[in-house]
There are 8 protein chains.
Amino acid sequence: MAGQSFVAIIVGSRSDLEVVQKAADTLTALGVQNELRVISAHRAPDLLESYIAGALSRGAKVFICAAGLAAHLPGVVASKTTNPVIGLPMPGNLAGGLDALLSIVQMPKGVPVATVGVGQAENAALLAAQMLGLSDPAIAKAVVDHRAAARRQIEDDPTNQA
Amino acid sequence: MAGQSFVAIIVGSRSDLEVVQKAADTLTALGVQNELRVISAHRAPDLLESYIAGALSRGAKVFICAAGLAAHLPGVVASKTTNPVIGLPMPGNLAGGLDALLSIVQMPKGVPVATVGVGQAENAALLAAQMLGLSDPAIAKAVVDHRAAARRQIEDDPTNQA
Amino acid sequence: MAGQSFVAIIVGSRSDLEVVQKAADTLTALGVQNELRVISAHRAPDLLESYIAGALSRGAKVFICAAGLAAHLPGVVASKTTNPVIGLPMPGNLAGGLDALLSIVQMPKGVPVATVGVGQAENAALLAAQMLGLSDPAIAKAVVDHRAAARRQIEDDPTNQA
Amino acid sequence: MAGQSFVAIIVGSRSDLEVVQKAADTLTALGVQNELRVISAHRAPDLLESYIAGALSRGAKVFICAAGLAAHLPGVVASKTTNPVIGLPMPGNLAGGLDALLSIVQMPKGVPVATVGVGQAENAALLAAQMLGLSDPAIAKAVVDHRAAARRQIEDDPTNQA
Amino acid sequence: MAGQSFVAIIVGSRSDLEVVQKAADTLTALGVQNELRVISAHRAPDLLESYIAGALSRGAKVFICAAGLAAHLPGVVASKTTNPVIGLPMPGNLAGGLDALLSIVQMPKGVPVATVGVGQAENAALLAAQMLGLSDPAIAKAVVDHRAAARRQIEDDPTNQA
Amino acid sequence: MAGQSFVAIIVGSRSDLEVVQKAADTLTALGVQNELRVISAHRAPDLLESYIAGALSRGAKVFICAAGLAAHLPGVVASKTTNPVIGLPMPGNLAGGLDALLSIVQMPKGVPVATVGVGQAENAALLAAQMLGLSDPAIAKAVVDHRAAARRQIEDDPTNQA
Amino acid sequence: MAGQSFVAIIVGSRSDLEVVQKAADTLTALGVQNELRVISAHRAPDLLESYIAGALSRGAKVFICAAGLAAHLPGVVASKTTNPVIGLPMPGNLAGGLDALLSIVQMPKGVPVATVGVGQAENAALLAAQMLGLSDPAIAKAVVDHRAAARRQIEDDPTNQA
Amino acid sequence: MAGQSFVAIIVGSRSDLEVVQKAADTLTALGVQNELRVISAHRAPDLLESYIAGALSRGAKVFICAAGLAAHLPGVVASKTTNPVIGLPMPGNLAGGLDALLSIVQMPKGVPVATVGVGQAENAALLAAQMLGLSDPAIAKAVVDHRAAARRQIEDDPTNQA
């Protein structure tokens, strides 16, 4: 994938892989190159660091980082790059995922993480595509089309034909 | 400002203007064109809609939307554009701003808002600059320099010389 | 339905339709005309706006808006009309629906939403009927009868005959 | 005031009187007759009951009930009338007023309370006026004018002239 | 039951009857007279009031009131008597029952409710027995014996014999 | 004070003494003997245990235990006696005292603590008096008089004379 | 086990035994002597006190205390020894275990409890082993090996071979 | 300080230095060598990593890490060493520091952080001393003496002499 722009998706635990796979699928459907890795910020910090460096050199533009509990993965990645990092909190645990949400979104001054809703893997992918679409018209068009399709689904809802 | 890329900053209430001004100042310091407006999504929805359309036609690439309480402004803007929208929850009210945070970050499938921490206006600006930096090397360099300056401040902290 | 007073019920997502149908059923049982639509404030804002305008011209007096997560639907509708808007937060997600509740009830100064309990679709309908009953004696009587029936159910509870 | 429609405002504690006075002032400004009483649901339940009965016989159409902590006042009033009851949670105490909010909004099936945001006394008044405006064109017009004035204030904001 | 001391147990909704029955069973096991009624404070306020008055005249010494959501039942009973009222919050709904807990325990100055843990029906019964045991040695002894039995169960736990 | 019934008030920290003094003053005003001690359950467990034993032998009937943070004092006292223990959570810290409230009220099966609202020292005293009033007519009358005085204060409120 | 260093694990309720057994298993796997008891701080305070004293005299170095609800067990043990006490909050109840977490971690000045995440029994064991490893090289090495094994599991994850 | 055992205290932000200084002072008072640094995990990750490595080589046995907001510092340090890491959440922000608390304590399986209460700097120091006291009798004695002094302060409280 060297030289080509792509989105690097990292999930902190294999148990969250199924949810996060939807981010990869959405990106692929939008025509955005992407790759997915399972790397814990806490249990494999050196692997994470070397992966980030390698991904950046191979053309990673945006990172999507998914984690639960005391979810440090997005913030740790954000501390290693100034490219945009999207944080995806995983549901479960305290108050349905409030612990993961607060651990991701409440980043201190200087190191932002672009946080999406708890478990909203598709939105993480859309946000990454929106960022890339700022300079890639094909991706921008794919996002516009995706939004239009969602709108048509509502317009065609049988309840609304009553 | 027609034709030139810029970040459009909208704040829902004049009472939050002072906090949000820091986002504008940070963008300016990073060399990012920006403009700031006070428009309530609830009290002036038509003005908001016309401002969004106009800003997009004039070159707005990223929106920063700051609001408190049931903070709908970022989501409403996100429903009107597929450009990236950054949500900035204002502190105060319930549990120190939990109402604004949840109202902004928990966006449903299809319409993401890139949320930063409660009251973190500077991070909203940095995130916008990171997005624009994906295709603008001068902005990318400004973000890298900003991070390096923050690092040097820590290295030079007198406590760390002990 | 043109010219006749009715309650317009809008639900933001098809997945919440079953719960919200109870609001429509309750209104019908109380003799209140109503119609139900599935329209997302975020994914179909223009459709929502045209529906609101049309419903008002056809005689919509009160709106019931049901949504979950960052539930902007009631507030967005309230920004487009000065008729009463009832907000119905959907359960699930953070802390059992706290995100939807705060996103609906914490409306800022100038644009109220009359919020009922999380998932309390029947109460949303009763509240709409109470509002219409202020000037429609038949509806007012239906609400009084409904309350009396609930009271008799308690009086007749077998536990209370012990 | 006998025979004339009015809004009855009840506040559970003298300490909250200043906040609630804004509801009365807003109603008066909108041309809505109103009266304000300080009656605790817990410390003076009989006085409350007799006040409700008397107010209804004198023409009370809508009740606004403001209370903090375990705020039972709105629910108790709602159990004694099928006219609309608006609940206004008072700030302070746990998590900035979460206790009052939940005690008011989470009413069980059959007895709704139309809840507005914590401390939003003006919104309580506006909501009452919206209800009365359904059958009183003068009040309806006053609410429309109030909304328009808020919109103009935003349009005229000096920040937006930049 | 006239003339004899007893504990009056009231539950706000039939759906909570199974949990609350454990309070009645525990009281009976401790030799404390008790009776159980299903009365909603909101849907049948007059029945509740007449029940309280009747129960007091027949010898009710302590009330146990169980309710969920915006749980006003214990507070309403406490406003009608100066005998001790025990509040038993029902689980479910927001954050596992936080709404019921706050609605019961956060009573304002002057009207206390003795609140036990969410869903802890047996503890409500034990607390009532402790109160009556202050002047009834047989009940006091039954409570002491109950505590001793719980202690022996721990002493005899097979894990502790390892 | 040997041989005479009294209420033993224990506060876990000197810093909360001022709030808790109101419980003692209220008891005295109601004609209930009481004594107040500052004993931390965590820093002086043996002193606490010997105080409890001594107080019981001297005639302590009810304990009022006030504590903040991880407030174990009421539960620890409740584990050492089967007399009623009233828990008084102190405000401050997380969410305005939610930590103290949950640490006190959520007692497990078998060992209840009668919890009052956060910081409601007067209510703790009233509840103790209500318990003692079950068998002491003078105290029962004092509680009734106290309630009546609160009611008269509302009846005489100048706002209600309007 | 007399004379030999070990970790004493106490769980407050038999219903939590299965979760806590993982702490014992992890300690055993790390070569750390341990024993497990089921003792409620509230229902058997004297047994708890005598167990702590006995365990200390037999060589207990670290205590792991697991409890739910108003979880006083860790704090009570910490008040009886100055050896390190690890608190393990049990999930369930309010907000997924927030009550247990706050009851354990928010210990006041002077008596710390080393708290791990809700339900994280393995982490409680690892933390105990880390403490003992400060002076026992074999245990220190076992902890290092355990971390390395977790890291290798991530390196070998099939997703990462893509 | 090379070769000598010590506690390394790291605080993530200069603004929290005053609170954390109390941990250093307490350790010094207990006769425990310590050093204090201001290093942000997010703004200076490489400096943090090199500091950890250097501190370990110079004899750091235990780390105390203080941070607020999305407080990753303790977890990041814990991912770099298997020595015990004590997490100290800073107050402020959401719900009085709930964001920092959850970000620190909810560490996933395999990498524990020994968390103390929000803002309890002295307890962090005591916990570190308890760990070192397991193999250093002088420190163990200092901790015992510290506890005894706290107990005597309670015994000598003037309120308790009444």
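As a reminder, the structure under discussion sits directly above these lines.
Residue numbers restart at each chain and count upward from 1, following the sequence in its written direction. The lettering of chains begins at A and the numbering of ligands begins at 1, in the order of writing. pLDDT decides what is reported in this predicted model: residues at 70 or higher carry local features, side-chain atom pairs at 80 or more are listed and counted, and totals for whole chains, interfaces and linings draw on all residues regardless. The basis for every side-chain value is the complete set of non-hydrogen atoms in the structure, without hydrogens or water.

Re the overall build of chain A
Quick reminder of the rule: Only DSSP runs of H or I reaching four residues or more are called helices, and only runs of E reaching two or more are called strands; each is numbered from the N terminus. Exposure categories follow from relative accessible area, calculated using a 1.4 Å probe and restricted to protein chains: below 20% of the type maximum is buried, above 50% is exposed, and the middle band is partly exposed. Contacts: residue pairs with any heavy atoms within 4.5 Å of one another. To be clear on the numbers: accessible area is Shrake-Rupley with a 1.4 Å probe, and residue cover counts the displayed protein chains and nothing else. Here the positive residues are Lys and Arg and the negative ones are Asp and Glu; neither His nor the chain ends is included. Charged groups are reduced to one reference atom each: NZ for lysine, CZ for arginine, CG for aspartic acid, CD for glutamic acid.
When helices and strands are counted, chain A shows six helices and five strands. Ordered by position from N to C terminus, the α and β elements of chain A give β-α-β-α-β-α-β-α-β-α-α. A principal-axis box enclosing the C-alpha atoms of chain A has dimensions of 55 × 40 × 30 Å. A buried classification covers 67% of the 162 residues belonging to chain A. Within chain A, residue pairs in contact and separated by at least 24 positions form 65% of the contacts whose partners lie at least 6 positions apart. Just so you have it, chain A exposes about 5100 Å², and 52% of that area is on carbon and sulfur atoms. The positive charge centre, built from 12 side chains, and the negative charge centre, built from 13, are 6 Å apart in chain A.

Observations concerning the arrangement of the chains
Chain C shows no contact with chain H. Their nearest C-alpha atoms sit 15 Å apart. Note that chain D does not reach chain H: the shortest distance linking a C-alpha of one to a C-alpha of the other is 6 Å.

Some remarks on the relation of the copies chain A and chain B
Using the following cut-off: Residues below a pLDDT of 70 in either copy are left out; the C-alpha atoms of the rest, at least 70 in both, set the least-squares superposition of the copies.
You can overlay chain A on chain B at an RMSD of 0.0 Å; the transform is a turn of 180° with a shift of 0.0 Å along its axis. The superposition operator between the copies reduces to a two-fold rotation axis. Most of the interface of chain A is mirrored in chain B: 100% of its interface residues are interface residues there too.

Observations regarding the pattern of salt bridges
Threshold: Salt bridges are defined as contacts in which a side-chain nitrogen from Lys or Arg sits within 4 Å of a carboxyl oxygen from Asp or Glu.
For the coordinates displayed, the defined rule picks out 48 salt bridges over all chains. A salt bridge links C:Arg151 to C:Glu155; the nearest nitrogen and oxygen atoms lie 3.4 Å apart. Within this pair, C:Arg151 and its partner C:Glu155 are both found in helix α6 (residues 137-155), separated by four residues, close to a single helical turn. Residue C:Glu155 is classed as partly exposed on the basis of its relative accessible area, which comes to 33%. Residue E:Glu49 pairs with E:Lys80 through a salt bridge whose shortest N-O separation is 3.1 Å. Pair noted here: E:Glu49 is in helix α2 (residues 45-58) and E:Lys80 is in the loop between α3 (73-78) and β4 (85-89), with a separation of 31 residues, a long-range link. Taken together, the shared-partner salt bridges connect A:Asp46, H:Glu49 and H:Lys80 into one network.

A closer look at the pairing of strand β2 (residues 34-38) of chain D
All names here are of chain D. Cut-off, in case you're wondering: At least two bridges found by DSSP between two strands is the condition for calling them paired.
For β2, the buried fraction is high: five of the five residues fall into the buried class. Across the two faces of β2 the burial is the same, with Asn34, Leu36 and Val38 and Glu35 and Arg37 all buried. Pairing of strand β1 (residues 6-11) with β2, which is carried by five bridges, proceeds in the parallel orientation. The residue of β2 that forms the bridge with Ile10 is Arg37.

Comments concerning the interface of chain A and chain B
To keep it simple, the criterion reads: Buried area counts how much accessible surface, traced with a 1.4 Å probe, disappears from two parts once they are put together, with both parts' losses summed. For this analysis, a polar contact is any N or O atom pair within 3.5 Å, provided that within protein one partner can donate a hydrogen and the other can accept it, and provided that sequence-adjacent residues contribute only side-chain to side-chain pairs.
Contacts between the two partners involve 39 residues from chain A, matched on the other side by 39 residues from chain B. With both sides pooled, the region where chain A packs onto chain B buries about 3100 Å², and carbon together with sulfur makes up 60% of that total. On the chain A side of the contact with chain B, A:Thr82, A:Leu134 and A:Arg147 bury the most area, a combined 22% of that side's loss. Across the contact surface, chain A and chain B share zero salt bridges. The interface formed by chain A and chain B contains 18 residue pairs in polar contact (both at pLDDT 80 or more). Considering every element that reaches the side of chain A that touches chain B, the biggest residue donor is helix α5 (residues 121-133) of chain A, with seven residues.

Looking at the packing of helix α4 (residues 98-105) of chain B against helix α4 (residues 98-105) of chain C
Going by this rule: Every angle, taken between N-to-C directions, lies between 0 and 180 degrees, and every axis is a line fitted to C-alpha atoms, over only the stretch in contact when it is a helix. Throughout, the term roughly parallel applies to angles under 35 degrees, roughly antiparallel to angles over 145, roughly perpendicular to angles from 65 to 115, and oblique to all others. Only Asp, Glu, Lys and Arg are considered charged in this grouping, and only Ala, Val, Leu, Ile, Met, Phe, Trp, Tyr, Cys and Pro are considered nonpolar; every other residue, Gly among them, is considered polar.
Across the interface, α4(B) lies against α4(C) with an axial gap of 8 Å and an inter-helix angle of 105°. In terms of their interaxial angle, α4(B) and α4(C) are classed as roughly perpendicular. Contact residues: B:Asp99, B:Leu102 and B:Ser103 in α4(B); C:Asp99, C:Leu102 and C:Ser103 in α4(C). For the contact of α4(B) with α4(C), the per-class residue count stands at two nonpolar, two polar and two charged.

Re unusual backbone geometry
Phi at A:Asn93 is positive, roughly 60°, even though this residue is not glycine. Within the secondary structure layout, A:Asn93 lies in the loop between β4 (85-89) and α4 (98-105).

Let's talk about the interface of chain C and chain D
The interface of chain C with chain D comprises 39 residues on the first partner and 39 residues on the second. Counting the surface lost from both chain C and chain D, the interface buries some 3100 Å², and carbon and sulfur atoms represent 60% of this. Its largest share of buried area at the contact with chain D, chain C owes to C:Thr82, C:Leu134 and C:Arg147, together 22% of the area lost on that side. For the pair chain C and chain D, the interface holds zero salt bridges. At the surface where chain C touches chain D, the tally comes to 17 residue pairs in polar contact (both at pLDDT 80 or more). Within the residue set of the side of chain C that touches chain D, elements represented by two or more residues are β3 (60-67), α4, β5 (114-115), α5 (121-133) and α6 of chain C.

Things to note about the side chain of C:Ser40
Within the secondary structure, C:Ser40 is located in the loop between β2 (34-38) and α2 (45-58). One polar contact links the side chain of C:Ser40 to the main-chain amide nitrogen of C:His42, over a distance of 3.1 Å. Separated by 2.9 Å, the side chain of C:Ser40 and the backbone nitrogen of C:Arg43 make a polar contact. In this structure C:Ser40 touches A:Ile154, C:Gly12 and C:Pro45, once residues within four positions along its chain are discounted.

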